[in-house]
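# Breakdown of the fold
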Amino acid sequence: KIYFNASFFKDVFDLIENIILTKENSIAGLNYYTIIEINKFLGINTEIVKTSSKYENNDIKGEERIIDICRIEKSEVYVNPIGGVDLYKKTKFDLNGISLKFIKSNELVYNQSDNSFIPDLSIIDVMMNNSRNSVKNYLNDYTLV
């Protein structure tokens, strides 16, 4: 997909260029930096925490680590992206007093720069073709399953 004609190309391109040119040398570091920069761009002030530096449980992996973090934080609910449906088992979370939910984006349709809509592209596509306020509104359009 070519974005030169997208309504918000310049601002989003500058953001993506800044992210790509960062000196982060790990995928985890790049992911963290990307989330921080996109949040700043959109004016989202949610605290983002590196679990590797806050919790002393790097020896635990996957589901067990998430459950451990939820216990430490006294969380009653854990929300994961919908892609984790096959990774995490609700029964295991239930046994630990934690309700497991998955966040599923509702169908999103917006004008893309070439007038033909291709669904389920990345946040970059959404940002290239929508105002910051619209993007923030889209982020609130989901269902918990």
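What this report covers is the structure whose coordinates are included nearby. (Residues numbered from 1 in each chain as written. Predicted model: local features only at pLDDT ≥ 70, side-chain atom pairs only at ≥ 80, totals over all residues. Heavy atoms only, no water.)

## Comments concerning the overall build of the protein
Threshold: Helix and strand definitions here come from DSSP, where helices need a minimum of 4 consecutive H or I residues and strands a minimum of 2 consecutive E residues; each element is numbered from the N-terminal end. Each accessible area value is a Shrake-Rupley result obtained with a 1.4 Å probe; residue values ignore everything except the protein chains displayed when judging cover. The charge count treats Lys and Arg as positive and Asp and Glu as negative. His and the chain ends do not count. Where a charge sits is defined by one atom per residue type, namely NZ (Lys), CZ (Arg), CG (Asp) or CD (Glu).
Check the secondary structure of the protein and you find seven helices and three strands. Along the three orthogonal principal directions, the C-alpha set of the protein runs to about 50 × 35 × 25 Å. Of the accessible surface of the protein, which amounts to about 10000 Å², a share of 52% is contributed by carbon and sulfur atoms. The centroid of the 17 positive side-chain charges in the protein is displaced by 3 Å from the centroid of its 20 negative side-chain charges.

## A word on a nonpolar patch on the surface
Convention followed: Like-charged residues within 9 Å of one another, or nonpolar side chains (Val, Leu, Ile, Met, Phe, Trp, Tyr) within 5 Å, are grouped into patches, provided each residue has over 30% relative accessible area and no salt bridge. Definition used for salt bridges: Asp or Glu carboxyl oxygen within 4 Å of a side-chain nitrogen of Lys or Arg. With a 1.4 Å probe rolled over the protein chains alone, any residue whose accessible area is under 20% of its type maximum counts as buried; one over 50% counts as exposed, and the rest are partly exposed.
Taken together, the side chains of Val77, Val79, Ile103, Tyr142 and Leu144 define a hydrophobic patch exposed on the protein surface, amounting to about 390 Å² of accessible area. When residues of the nonpolar patch are traced back to their parent elements, those giving at least two are strand S1 (77–81) and strand S3 (142–144). Its relative accessible area of 30% is what places Ile103 among the partly exposed residues.

## Things to note about the side chain of Asn130
To be explicit about the condition: We define a polar contact as two N or O atoms separated by no more than 3.5 Å, with the added condition that, inside protein, one atom must be a possible hydrogen donor and the other a possible acceptor, whereas residues neighbouring each other in sequence contribute only through side-chain atom pairs. Throughout, a residue-residue contact means that at least one pair of heavy atoms, one from each residue, lies within 4.5 Å.
Looking at the element boundaries, Asn130 is found in the loop between helix H6 (123–129) and helix H7 (132–139). You can call Asn130 buried: its relative accessible area is 8%. A polar atom in the side chain of Asn130 sits 3.4 Å from the side chain of Tyr138. Discounting residues that sit within four places of it in the chain, Asn130 has contacts with Phe8, Tyr110, Val135 and Tyr138.

## Let's talk about the sheet that holds S1
Basically, it comes down to this: Two strands pair under a simple rule: DSSP has to find at least two bridges between them. Axis definition: a line fitted to C-alpha atoms, limited for helices to the stretch in contact. Angles are taken between N-to-C directions and run from 0 to 180 degrees.
Pairing within the open sheet is mixed, and its three strands lie in the order S1-S2-S3. Lying at the two open borders of the sheet, with one neighbouring strand each, are S1 and S3. Between one strand axis and the next, the sheet turns by 25° as a mean value, whatever way the strands run. Bridge count for strand S2 (residues 99–105) against S3 is three bridges, and the pairing is antiparallel. In the strand pairing of S3, Ser105 is matched with Tyr142.

## Here we look at the packing of aromatic side chains
Rule in force here: Put simply, two rings from Phe, Tyr or Trp (the six-membered ring, in Trp's case) pair if the centres are within 6.5 Å, and we call them stacked under 30 degrees between planes, edge-to-face over 60, tilted for the rest. Here, a charge over a ring means that NZ of Lys or CZ of Arg falls within 6 Å of the ring centre while also lying within 35 degrees of the ring normal.
Applying the stated criterion across every chain yields a total of seven aromatic pairs. Seen from their ring centres, Tyr88 and Phe93 are 6.0 Å apart, and the 80° between their planes marks the pair as edge-to-face. Residue Tyr88 shares its accessibility class with Phe93, and that shared class is buried. Within the aromatic cluster, the residues linked to one another by ring pairs are Phe4, Phe9 and Phe13. Geometry around Tyr32 places Lys50 over its ring, the cationic atom sitting 4.6 Å from the centre. Geometry around Phe41 places Arg132 over its ring, the cationic atom sitting 3.8 Å from the centre.

Take it as geometry only, folks, not as evidence of what the structure does.
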